[in-house]
Amino acid sequence: MTVPADLRMIEVSGTEALWLLEGSAQGRLVYIQREVAVVRPATHVMEYGRLVVRAPVQAATIPGRALLTYQVDEIRSPAGTGWTVSAHGPADVIADPDEAAHYRRTLPGWAHGPHDTLLRLHPQSVSGFRLARTVNGVGR
C-alpha cells in the first residue's frame, strides 16, 4: 500500500538561500520592459557579495541601477523536491572592458554581440524555499 504524499514549501534562512545561489551556475534574469515582465536564461557567479550575471539582453533595455530579480532553482522530477531562490536588488551594466573580458571568459553565454550583457546585481533581498514531500501529514 502506498501512502499519499503532500508537497510542501519550507522557507530557508537568507544565509542558506545565498549558499544555494552560490552553489549553482544558471538561473533566470527577470526585468520589466515596456510594462511587461521579461525572463531570460542566464549564468552567474557570486563575488564579494554581488551577483555577476551574464544574460542575452540588450544593455540598453536595462536602465542604470534598475531593480532586477534573479531566480535559481533545482527541482527534481517527478518527485517535485528541491529548492528555489530569488535575489532582488539594483543592478548596473558592467562597462569596464577589462572586467567585462574577464567575465566573458569565465561565464558561458547564449548570445554574443549586442544581446550579450554582463550585469552586477547588488542583492537587497534574498529568499528561498526547500521543496519537500511529507508522508501522510508527517512534518506539517
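Labelled according to an unreviewed UniProt entry, the protein chain appears under the name Pyridoxamine 5'-phosphate oxidase, originating from Streptomyces virginiae.

Things to note about the overall build of the protein chain
Per the secondary structure count, the protein chain includes two helices and eight strands. Along the first, second and third principal axes, the C-alpha set of the protein chain runs to 60 × 30 × 25 Å. In the protein chain, the share of contacts with a sequence separation of at least 24, taken over all contacts with a separation of at least 6, comes to 71%. For the protein chain, the accessible area works out to roughly 8,200 Å², and carbon and sulfur atoms hold 55% of it. For the protein chain, the distance from the average site of its 14 positive side-chain charges to the average site of its 13 negative ones is 5 Å.

Quick notes on the pairing of strand β5 (residues 66-76)
Pairing of strand β2 (residues 26-33) with β5, which is carried by three bridges, proceeds in the antiparallel orientation. For R28, the partnering residue across the bridge sits in β5 and is Q71. Two elements, β5 and strand β6 (residues 81-93), share eleven bridges in a ladder whose sense is antiparallel. Paired with A66 across the two strands is A91, which belongs to β6. In sequence, β5 turns back onto β6 through a hairpin of four residues, with G80 there showing a positive phi of about 80°.

Some remarks on the environment of A60
Counting through the fold element by element, A60 comes out in the loop between β4 (50-55) and β5. Along the primary structure A60 and L119 are separated by 59 residues, whereas in three dimensions their C-alpha atoms are 12 Å apart.

Section: the environment of G80
One can find G80 in the loop between β5 and β6. Residue class for G80 comes out partly exposed when judged on its relative accessible area of 24%. G80 sits 51 residues away from L131 along the chain, and the two C-alpha atoms are 6.9 Å apart. Those residues in contact with G80 that lie beyond four places of it in its chain are L7, I75 and L131.

Quick notes on the side chain of T61
On the secondary structure map, T61 appears in the loop between β4 and β5. For T61, the side chain forms a polar contact with the main-chain oxygen of Q58, separated by 2.6 Å. Setting aside residues no more than four positions away along its own chain, T61 makes contact with Y31 and Q33.

Definitions and limits used
- Residues numbered from 1 in each chain as written.
- Predicted model: local features only at pLDDT ≥ 70, side-chain atom pairs only at ≥ 80, totals over all residues.
- Heavy atoms only, no water.
- Helix = DSSP H or I, 4+ residues; strand = E, 2+ residues; numbered from the N terminus.
- Contact = heavy atoms within 4.5 Å.
- Areas by Shrake-Rupley, 256 points an atom, 1.4 Å probe, with all protein chains shown as cover.
- Lys, Arg positive; Asp, Glu negative; His and termini not counted.
- Charge placed at Lys NZ, Arg CZ, Asp CG, Glu CD.
- Pairing = 2+ DSSP bridges.
- Buried < 20%, exposed > 50% of the residue type's maximum accessible area, 1.4 Å probe, protein only.
- Polar contact = N/O pair within 3.5 Å; in protein donor to acceptor, adjacent residues only side chain to side chain.

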